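A closer look at the structure
Each chain is listed here by its residues.
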Amino acid sequence: MFEQLGLIGCGLMGGSFALAMKRAGLVKRVVGYSKSPSTTERARQMGVIDVEAPSALLAVSGADIVLLAVPVAASEATFKAIRHLVTNEMLVMDVGSTKRDVVDSARRVLRDQLGCFVPCHPIAGKEVSGVEHADPDLYAGRQVILTPIERTLVAQLGRATQLWDALGAKVKQMSPEAHDAAFAAVSHLPHLVAFALMNGIAGQAQGREFLSLAGPGFRDFSRIAASDPKMWRDILLANRQELLAQLEIFEHGVADIRRAMIDGDADTLETLIDRASAARAHWRMTQARK
Ligand code: NAP
């Protein structure tokens, strides 16, 4: 049980965390801060937070747990804003979609207090952002990846694990590097492809007409193209090294299919599609077992 949550970034992820903590009876009071005072006010009106803080530093004052739920590019500025009140007794976590950049900024800024920081990435979310969409069930049954580093205090890692567990999440640990490599492949690349696909179709003279004919397959494939532009701009830039490596692998895959089509090579085309189909079926089976 925590006394006070200092929530920095009262949007979808932060708001959902505060609601989940409150509903589980894990925190007595939530003090929130967001960049726009109107967001913080709305969060209070909705009962997501109890008290509006005029700054990130004041949101941390008196807190025994702090959650950064801001765009990843705002992490370093946020650590700088709060560092004077951060202590190793506090549990400080984030929810950023990339981990190496967030951990690097924590290393640069928190220094002697780095041990209290447990980097987290909940594999949960929505295409819509903002506190209006905050949902206490967002994390239930979802994976949360913790990416501790050598300086992370064992006690704080244990508290973070217990907390996510109590919110119904499935906790997994990996290094920030392994996290960013994996999510470049299974999250960041699919978003990039969805953005490019939508732009490619919509940018054609007959794009609107084509789109008006699209069915459920297209709806499934393009869903993530509707994601928040600023958030995804930050993610693609923050993890660009891993993402560019994945893009190259993807381009080889496209080139193989294009070559088989140009050559009219039906066997190769079928083999390539068969391989993809089997990999997808295997992935679904492993998901169902979880
Ligand atoms: P969101 O709904 O837009 O919320 C972000 C909040 O951060 C907004 O309330 C915004 O305030 C505030 N903010 C922005 N810059 C700030 C700053 N410098 N100081 C304090 N507050 C600031 O976005 P979200 O979906 O919750 O995303 C938050 C984090 O979760 C991101 O790092 C993202 O990578 C990660 N994440 C998102 C998802 C997802 O599906 N959405 C999934 C996993 C992880 P204003 O309202 O005033 O702009």
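All of these numbers come straight from a predicted model, not from anything done at the bench.

**Regarding the site of the ligand**
In the region of the ligand, 28 residues are neighbours, and Ser36, Thr39, Val70, Ser97 and Gly130 sit closest. Between the ligand and Leu12, the relevant distance is 2.8 Å, taken from an oxygen atom to a main-chain nitrogen or oxygen of the residue. One of the side-chain N or O atoms of Ser34 is found 3.0 Å from an oxygen atom in the ligand. The protein chains hide 84% of the 890 Å² of surface that the ligand would expose on its own.

**Considerations on the packing of aromatic side chains**
All chains considered together, the criterion is met by 4 aromatic pairs. Here Phe195 and Trp232 contribute two aromatic rings whose centre-to-centre distance is 6.3 Å and whose plane-to-plane angle is 65 degrees, an arrangement assigned as edge-to-face. Of the two residues, Phe195 sits in helix α7 (residues 176-202) while Trp232 sits in helix α10 (residues 229-238), which places them 37 residues apart along the sequence. Across the pair, exposure class does not vary: Phe195 and Trp232 are buried alike. Three or more aromatic residues joined by ring pairs form one cluster here, namely Phe17, Tyr139 and Trp164.

**Digging into the sheet that holds strand β1 (residues 2-8)**
Taken in spatial order, the 6 strands make up an open sheet running β3-β2-β1-β4-β5-β6, and their pairing is parallel. The sheet terminates laterally at β3 (51-52) and β6 (117-118), the two strands that pair on one side only. Where strand β5 (residues 91-94) lies against β6, 2 bridges are found, and the strand directions are parallel. Paired with Val92 across the bridge in β6 is Phe117.

**Focus: the pattern of salt bridges**
Tallied over the entire structure, the rule returns 13 salt bridges. Put simply, Arg108 and Glu76 hold a salt bridge, and the shortest N to O gap is 2.6 Å. Of this pair, Arg108 sits in helix α5 (residues 100-110) while Glu76 sits in helix α4 (residues 75-82), placing them 32 residues apart in sequence. Classification of Glu76 by relative accessible area gives partly exposed; the value is 22%. Each of Glu76, Lys80 and Arg108 takes part in one network of salt bridges that share partners.

**Section: the packing of α7 against α10**
The angle between the axes and the distance between the axes are what describe a pair of packed helices. One can describe the packing of α7 onto α10 by two numbers: an axis separation of 11 Å at closest approach and a directional angle of 125 degrees. Relative to α10, α7 is oriented oblique. The element α7 and its partner α10 pack so that their crossing is left-handed. Every residue of α10 that contacts α7 at Ser187, His188, His191 and Phe195 is listed here: Trp232, Ile235 and Leu236. Broken down by class, the residue content of the contact of α7 with α10 amounts to 4 nonpolar, 3 polar and no charged.

**Observations regarding the pairing of strand β2 (residues 27-33)**
Taken residue by residue, a regular strand's side chains alternate between the two faces of the sheet. Of the pairings in the sheet, the one linking β1 to β2 comprises 6 bridges and is parallel in character. Each residue of the ladder has a partner; that of Gly6, found in β2, is Val31. Following the chain from β1 across helix α1 (residues 12-23) to the adjacent parallel β2, one finds a crossover that is right-handed. Bridge count for β2 against β3 is 2 bridges, and the pairing is parallel. Following the sheet pairing, Gly32 is matched in β3 by Glu52. As for the winding sense of the linkage, the β-α-β connection from β2 through helix α2 (residues 37-45) to β3 is right-handed.

**Considerations on the domain arrangement of the protein**
For the protein, the domain assignment lists domain 1 (2-174) and domain 2 (178-289). Put simply, the middle of domain 1 and the middle of domain 2, counted by C-alpha atoms, are 31 Å apart. Across the boundary between the two partners, domain 1 contributes 15 residues, which contact 18 residues of domain 2. By the criterion of area lost to domain 2, the three top residues of domain 1 are Arg100, Glu127 and Met174, representing 42% of everything that side buries. Where domain 1 touches domain 2, the interface holds 1 salt bridge. The salt bridge involving Arg223 is made with Glu127; its shortest N-O contact spans 2.6 Å. Its residues assigned to classes, the side of domain 1 that touches domain 2 comprises 6 nonpolar, 5 polar and 4 charged.

Rules of the game
- Residues numbered from 1 in each chain as written.
- Predicted model: local features only at pLDDT ≥ 70, side-chain atom pairs only at ≥ 80, totals over all residues.
- Heavy atoms only, no water.
- Near = heavy atom within 4 Å.
- Polar contact = N/O pair within 3.5 Å; in protein donor to acceptor, adjacent residues only side chain to side chain.
- Areas by Shrake-Rupley, 256 points an atom, 1.4 Å probe, with all protein chains shown as cover.
- Phe/Tyr/Trp six-rings, centres within 6.5 Å; stacked < 30°, edge-to-face > 60°.
- Helix = DSSP H or I, 4+ residues; strand = E, 2+ residues; numbered from the N terminus.
- Buried < 20%, exposed > 50% of the residue type's maximum accessible area, 1.4 Å probe, protein only.
- Pairing = 2+ DSSP bridges.
- Salt bridge = Lys/Arg side-chain N within 4 Å of Asp/Glu carboxyl O.
- Axes fitted to C-alpha atoms, helices over the stretch in contact; angles between N-to-C directions.
- Parallel < 35°, antiparallel > 145°, perpendicular 65-115°, else oblique.
- Left-handed = near helix turned anticlockwise from the far one by under 90°.
- Contact = heavy atoms within 4.5 Å.
- Nonpolar A, V, L, I, M, F, W, Y, C, P; charged D, E, K, R; others polar.
- Right-handed = clockwise from strand over helix to strand, strands pointing away.
- Domains from an automatic or database assignment.
- Buried area = accessible area lost by both parts, 1.4 Å probe.

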